[in-house]
Amino acid sequence: MVSPCGDDQHRGYRCTATIMQRNCTVKKSDILAVITELIETMQDQLQDSKRVKLNGFGTFKIGICSEGANSAADFSVSKNVKNLHVLFMPEVKSDASGQRKKTFITGCSVQEAPKNDVDTSKPKDDEAGSNTGGNTGGSTGGNTGGNGGDGGEDLDKD
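Here's a quick rundown of the structure. Owing to the predicted nature of the structure, the values given are computational and were not obtained by experimental measurement. (Residues numbered from 1 in each chain as written. Predicted model: local features only at pLDDT ≥ 70, side-chain atom pairs only at ≥ 80, totals over all residues. Heavy atoms only, no water.)

Now for a nonpolar patch on the surface. On the surface, F57, F88, F104 and I105 cluster together to form a nonpolar patch covering roughly 360 Å² of accessible area. Turning to its location among the elements, F57 is positioned in the loop between β1 (52-54) and β2 (58-66). (Patch = residues over 30% accessible without salt bridge, like charges linked within 9 Å, V, L, I, M, F, W, Y side chains within 5 Å. Areas by Shrake-Rupley, 256 points an atom, 1.4 Å probe, with all protein chains shown as cover. Salt bridge = Lys/Arg side-chain N within 4 Å of Asp/Glu carboxyl O. Helix = DSSP H or I, 4+ residues; strand = E, 2+ residues; numbered from the N terminus.)

Attention shifts here to the packing of aromatic side chains. Two descriptors summarise a pair of aromatic rings, namely the distance from one centre to the other and the angle between the planes of the rings. For the structure shown, the criterion picks out three aromatic pairs. An angle of 45 degrees between the planes, with centres 5.2 Å apart, marks the rings of F57 and F88 as tilted. Taken as a pair, F57 in the loop between β1 and β2 and F88 in strand β3 (residues 81-90) lie far apart in primary sequence, 31 residues in all. Their ring planes at 40 degrees and their centres at 4.8 Å tell us that F60 and F88 sit as a pair that is tilted. Here F60 is found in strand β2, whereas its partner F88 is found in strand β3, with 28 residues between them in sequence. Among the residues examined, F88 registers a relative accessible area of 34% and is labelled partly exposed. Within the aromatic cluster, the residues linked to one another by ring pairs are F57, F60 and F88. (Phe/Tyr/Trp six-rings, centres within 6.5 Å; stacked < 30°, edge-to-face > 60°. Buried < 20%, exposed > 50% of the residue type's maximum accessible area, 1.4 Å probe, protein only.)

Here we come to the pattern of salt bridges. Applying the stated criterion across every chain yields a total of two salt bridges. Between K50 and D48 there is a salt bridge, with its nearest N and O atoms 3.1 Å apart. Residues E91 and K93 are paired through a salt bridge, measuring 3.7 Å at the closest nitrogen-oxygen approach. By relative accessible area, which is 14% here, E91 ends up buried. Judged by relative accessible area, which is 49%, K93 ranks as partly exposed.

Let us look at unusual backbone geometry. Positive phi values are uncommon outside glycine, yet S49 reaches one of about 65 degrees. Take S49: it is sitting in the loop between α2 (28-47) and β1.

This part is about the nonpolar core. Membership of the largest hydrophobic core is limited to five residues, which are Y13, A17, I31, L32 and I35. Counting residues per element, the ones that place at least two in this core are α1 (13-23) and α2. Per-element tally for this core: the top contributor is α2, with three residues. (Core = buried A, V, L, I, M, F, W, Y, C linked by side-chain atoms within 4.5 Å.)

Right, let's get into the sheet that holds β2. In space, the three strands of this open sheet follow the order β1-β2-β3, with antiparallel pairing throughout. The open sheet is flanked by β1 and β3, the only strands paired with a single partner. Each strand axis lies, on average, 25 degrees off the axis of its neighbour in the sheet, ignoring direction. Pairing between β1 and β2: three bridges, direction antiparallel. The residue of β2 that forms the bridge with L54 is G58. Across the sheet, α2 lies against β1 and β2, angled at about 140 degrees from β1, the strand it touches most. (Pairing = 2+ DSSP bridges. Axes fitted to C-alpha atoms, helices over the stretch in contact; angles between N-to-C directions. Contact = heavy atoms within 4.5 Å.)

Below, the structure written as structure tokens:
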């Protein structure tokens, strides 16, 4: 199936709305309006110290990065709190055996991607101490921790 959004691996919400419009009776403009309002409402709720649970999806909450203090009396928000970030916990369901499974990855399979045009042979003995090379492969995606950003910069990207 040809994607209406090109072949890049990141989907903005406008592209997602285009796909959703094809799969249901709701127009893209209505989907965009709901997504926009969802984002605004979630921001308001999160900033009001509430958790936001989207059934079938997961739960969002604000996390705090801070430095410790020697005592409660020595702690101050302006001095010790270093960063805020959004935490996402995907919904988890239990199967018949009681094993917990993350909803989004149930039924997923993993396969090796085609090899890049990279020399994967081991270095010769005389090259063993060499400090050349670097990144020899493409990005495989995944969450590597990040810096606690909200990811909002990609929302309009299609």
